[in-house]
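The residues making up each chain are set out below.
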Amino acid sequence: MSGLIGKKIGMTSIFDENGKNIPCTVIEAGPCVVTQVRTKGVDGYEALQLGFDDKNEKHSSKAAVGHFKKAGTVAKKKVVEFQDFATEQKLGDLIDVSIFEEGEFVDVQGVSKGKGFQGVVKRHGFSGVGHANKSHGQHDRERAPGSLGASSDPARVMPGMRMAGRTGGNRKKIQNLQIVKV
């Protein structure tokens, strides 16, 4: 399972040969530098450590600058390890999008946009009362969650109760996305 580090640039749409409009996410993937080669003899497992997106040297620790200097590159913002690379790589090698082909299926993971403190309608998809059912004197009850549980028996709010709170900023993984264009 080879991989690459990248960042989302934006969205666009591309027409295929049948004239169908396909929505696409534009990702700047690589070039990534091999910053460390993990071996079974030294580390107990085999992996490649890749670095992406240059970072100013004054914002890096001396240890990080020395680590990247050994690979012959400047300090990087993002460092990730990938296992099961198809080809042999050496320290300092550049890996770019040429490892992918059009039509290939990939898994993409990243951190979703943080949306801050949100109510139950946005956070959990509660429907609210609805405009048609809103009766007189219901001024602010439309987006409220309603009852939180029994009034007597547990005498507490049960764990996992869906309430307002911070939403977004979670690690998400989407599988089997097709590469439309490289």
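You'll find the structure just up there.
Residues numbered from 1 in each chain as written. Predicted model: local features only at pLDDT ≥ 70, side-chain atom pairs only at ≥ 80, totals over all residues. Heavy atoms only, no water.

Our focus in this paragraph is the pairing of strand S3 (residues 32–38). Along S3, five of the seven residues are buried, which leaves the element largely enclosed by surrounding structure. Of the pairings in the sheet, the one linking S3 to strand S4 (residues 47–54) comprises five bridges and is antiparallel in character. Paired with valine 37 across the bridge in S4 is leucine 48. (Buried < 20%, exposed > 50% of the residue type's maximum accessible area, 1.4 Å probe, protein only. Helix = DSSP H or I, 4+ residues; strand = E, 2+ residues; numbered from the N terminus. Pairing = 2+ DSSP bridges.)

Another aspect to go through is the pattern of salt bridges. Inspection of every chain in the model, using the stated rule, returns five salt bridges. The closest approach of N and O atoms between aspartate 53 and lysine 7, which form a salt bridge, is 3.7 Å. Note that aspartate 53 is positioned in strand S4 and lysine 7 in strand S1 (residues 6–15), a separation of 46 residues in sequence. Using a relative accessible area of 26% as the deciding quantity, one classes aspartate 53 as partly exposed. Judged by its relative accessible area of 36%, lysine 7 is partly exposed. (Salt bridge = Lys/Arg side-chain N within 4 Å of Asp/Glu carboxyl O.)

It is worth spelling out the packing of aromatic side chains at this point. Tallying each qualifying case throughout the model produces one aromatic pair. Here the aromatic rings of phenylalanine 82 and phenylalanine 85 are separated by 6.5 Å at their centres, their planes lie at 80°, and the arrangement is edge-to-face. (Phe/Tyr/Trp six-rings, centres within 6.5 Å; stacked < 30°, edge-to-face > 60°.)

Let's shift gears to the nonpolar core. Leu4, Ile5, Ala29, Cys32, Val34, Leu48, Leu50, Phe52, Phe82, Phe85 and Ile95 together form the largest nonpolar core, which totals eleven residues. The set of elements that each furnish at least two residues to this core consists of S3 and S4. When residues of this core are assigned to their parent elements, the largest contribution, three residues, is made by S4. Discounting residues that sit within four places of it in the chain, phenylalanine 52 has contacts with Ile5, Gly6, Lys7, Glu28, Gly30, Pro31, Cys32, Lys76, Lys77 and Lys78. (Core = buried A, V, L, I, M, F, W, Y, C linked by side-chain atoms within 4.5 Å. Contact = heavy atoms within 4.5 Å.)

Attention shifts here to unusual backbone geometry. Between glycine 30 and proline 31 the backbone carries a cis peptide bond, its omega angle lying at 0°. For proline 31, the location among the structural elements is in the loop between strand S2 (21–29) and S3.

A word on a nonpolar patch on the surface. Together, Ile27, Val108, Ile174 and Leu177 line one region of the surface with nonpolar side chains, adding up to about 310 Å² of accessible area. Inspection of the secondary structure assignment puts leucine 177 in strand S10 (residues 171–178). Overall, the relative accessible area of 37% leaves leucine 177 in the partly exposed class. (Patch = residues over 30% accessible without salt bridge, like charges linked within 9 Å, V, L, I, M, F, W, Y side chains within 5 Å. Areas by Shrake-Rupley, 256 points an atom, 1.4 Å probe, with all protein chains shown as cover.)

So yeah, pure geometry; function would need other evidence.
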